[in-house]
Amino acid sequence: DGGITQSPKYLFRKEGQNVTLSCEQNLNHDAMYWYRQDPGQGLRLIYYSQIVNDFQKGDIAEGYSVSREKKESFPLTVTSAQKNPTAFYLCASSGGSGTENTYEQYFGPGTRLTVT
Amino acid sequence: GQNIDQPTEMTATEGAIVQINCTYQTSGFNGLFWYQQHAGEAPTFLSYNVLDGLEEKGRFSSFLSRSKGYSYLLLKELQMKDSASYLCAPLSGGYNKLIFGAGTRLAVHP
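Fair warning: this is a prediction, and the values are worked out from it, not measured in the lab. Residue positions are given per chain, counted from 1 along the sequence in the order it is written. Chains and ligands are labelled by the order in which they are written, letters from A for the one and numbers from 1 for the other. Only residues with pLDDT of 70 or above have their local features reported here, since the model is predicted, and side-chain atom pairs are shown and tallied only from 80 upward, although totals for entire chains, interfaces and linings are computed over all residues. Side-chain measures were taken over the full set of non-hydrogen atoms in the model, leaving aside hydrogen atoms and water.

**Student:** Requested: an account of the sheet that holds strand E4 (residues 32–37) of chain B, with residues and values cited.
**Tutor:** All names here are of chain B. We treat two strands as partners when DSSP finds at least two bridges between them. Put simply, DSSP H or I for four residues or longer makes a helix, DSSP E for two residues or longer makes a strand, and each gets a number counted from the N terminus. With mixed pairing, five strands are arranged side by side in an open sheet as E2-E10-E9-E4-E5. Both edges of this open sheet fall to strand E2 (9–13) and strand E5 (44–49), since each of them pairs with a single strand only. Neighbouring strand axes in the sheet, compared pairwise and without regard to direction, differ in orientation by 25 degrees on average. Sheet topology note: the E4/E5 ladder contains five bridges and is antiparallel. Bridging across to E5, Phe33 finds its partner in Tyr48. Note on definitions: angles span 0 to 180 degrees between N-to-C directions of axes, and those axes are lines fitted to C-alpha atoms, for helices only across the stretch in contact.

**Student:** Got a sec to walk through the side chain of A:Thr111? Specific residues and values, please.
**Tutor:** All names here are of chain A. Tracing the sequence through the fold places Thr111 in strand E11 (residues 111–115). Nitrogen and oxygen atoms within 3.5 Å of one another constitute a polar contact, given that in protein one can donate a hydrogen and the other can accept it, and given that sequence-neighbouring residues count only through two side-chain atoms. Engagement of the side chain of Thr111 in a polar contact is seen with the backbone oxygen of Pro8, the distance being 2.7 Å. Should any heavy atoms of two residues lie within 4.5 Å, those residues are considered in contact. For Thr111, the residues in contact, after removing those within four places along its chain, are Gln6, Ser7, Pro8, Lys9, Leu11, Leu21, Ala87, Phe88 and Tyr89.

**Student:** Lay out the layout of surface pockets in plain terms, naming residues and giving numbers.
**Tutor:** Think of a 1 Å grid over the protein atoms and nothing else: a 1.4 Å probe that fits but is trapped marks a cavity, an open set flanked by protein within 12 Å on at least five of seven lines marks a pocket, and residues with an atom within 4 Å of a point count as lining. Grid points are joined across faces, edges and corners, and a volume is the space filled by probe spheres set on the points. Empty space within the largest pocket amounts to approximately 420 Å³. Contributions of two or more residues to the lining of the largest pocket are made by strand E9 (87–94) and E11 of chain A together with strand E9 (84–90) of chain B. Residues are grouped as follows: Ala, Val, Leu, Ile, Met, Phe, Trp, Tyr, Cys and Pro are nonpolar; Asp, Glu, Lys and Arg are charged; every other residue, Gly included, is polar. Residues of the lining of the largest pocket, tallied by class, amount to eight nonpolar, eleven polar and three charged. By volume, the second largest pocket is sized at about 210 Å³. In terms of lining, the second largest pocket is formed by 14 residues, of which the most central are A:Leu43, A:Asp59, B:Ile4, B:Ile99 and B:Phe100. Where the lining of the second largest pocket is concerned, the elements lending two or more residues are strand E5 (43–51) of chain A together with strand E1 (3–5) of chain B. No other element matches E5(A), which puts three residues into the lining of the second largest pocket. Each residue belonging to the lining of the second largest pocket can be placed in one class, and the counts come to eight nonpolar, four polar and two charged.

Right under this line is the structure:
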């Protein structure tokens with residue numbers, strides 16, 4: 001089955017540690033995105049990538065880093081520089097040949113990160 | 001600037017009809033999405049409007065007025081499982097990015 005996977009669903013880290021969240025898709029989508037969601041707030045864009053080996057900062061990129069070495073994978077690293085890293089992180093993808101709507105974003109199940 | 005306004009919370013009765021409104025201001029515009037999100041889960045696609053007018057899909061319909069910067073999602077024959085957040089997301093013209101509103105939490109009561 002085609003889809004987006006994020007693992008793990010829950011992640012706990014100590015303050016000061018970097019942590020990498022995984023995102024893999026087998027939908028053959030060109031574009032991938034990382035969002036952060038806090039209680040009572042909408043999804044805020046952290047980084048996005050429209051093609052392999054290229055990515056752009058979103059609205060809240062400070063304290064985060066990404067890579068896009070493969071079309072299927074778009075890992076997000078939450079660094080110790082991120083002031084409030086505890087949040088729900090969602091990965092999404094869109095576009096690619098055969099898709100009915102090139103702009104529709106398909107979301108992974110999310111990773112809930114808690115930093116103490 | 002970019003701004004999306006939708007009500008924070010709504011309540012409705014099972015079997016009824018509810019309309020969730022959204023007004024938006026974006027830099028460029030290439031259409032508007034509505035997503036449903038149950039608590040703790042990923043958003044799922046409901047509708048996409050690019051032209052003015054009403055798009056109907058089963059119990060759900062979505063309307064768009066580009067000149068007014070306005071959209072609504074209409075849910076008919078409400079069921080308990082429709083209790084969720086509904087996210088309005090215009091597609092910004094520059095890099096075709098979705099701009100998400102904070103969402104409307106809908107509670108459906110028996």
